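Below, each chain spelled out in residue letters.
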Amino acid sequence: HPFSYSHWLPLTAIKTNTDGFIQITSQLNSDQYTTSATLVADFRHNGKTVNYNPIYLKGHIRKGEWNPVDFGVKIPEEITSNDSVLVYYYLPDGDEELMIDDFCVSVKKPVINASKKTR
């Protein structure tokens, strides 16, 4: 099923989304030389899409190997702690078999390098 692998994450942990992002990691294995899979981060308010972010995986996956996937998606300004994000892999109908492992979705803030000194 094209939507069978997904993760719904309530964003109650964010106080402010300034520079925040959603980190998505996993391992993918495809039986095709060119995958047609898409990774989607769908930000929602009251269950309705307010910001849709597709990441096309064509060119990122090698056939028959476990391939690391690591993407960050900036949290849109209009998203609040009352909203959520639905992250999923979309695979259109066809012959491709896609295996997914170690799927993780988390809320992150940028790391500030404290060792840099300003003058």
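I will try to describe carefully the structure that is included in this document. (Residues numbered from 1 in each chain as written. Predicted model: local features only at pLDDT ≥ 70, side-chain atom pairs only at ≥ 80, totals over all residues. Heavy atoms only, no water.)

Another point: the overall build of the chain. Regarding its fold elements, the chain presents 0 helices and 7 strands. Looking at the 119 residues of the chain, the share that counts as buried comes to 35%. As presented, the chain carries roughly 7,900 Å² of accessible surface, and 50% of it is formed by carbon and sulfur atoms. (Helix = DSSP H or I, 4+ residues; strand = E, 2+ residues; numbered from the N terminus. Buried < 20%, exposed > 50% of the residue type's maximum accessible area, 1.4 Å probe, protein only. Areas by Shrake-Rupley, 256 points an atom, 1.4 Å probe, with all protein chains shown as cover.)

Our next topic: the packing of aromatic side chains. Applying the stated criterion across every chain yields a total of 1 aromatic pair. For the ring pair tyrosine 89 and phenylalanine 103, a centre distance of 5.6 Å and an interplane angle of 55° mean the geometry is tilted. With tyrosine 89 in strand β6 (residues 84-90) and phenylalanine 103 in strand β7 (residues 98-108), the pair connects residues that are 14 residues apart, well separated along the chain. By relative accessible area, tyrosine 89 is classed as buried at 2%. (Phe/Tyr/Trp six-rings, centres within 6.5 Å; stacked < 30°, edge-to-face > 60°.)

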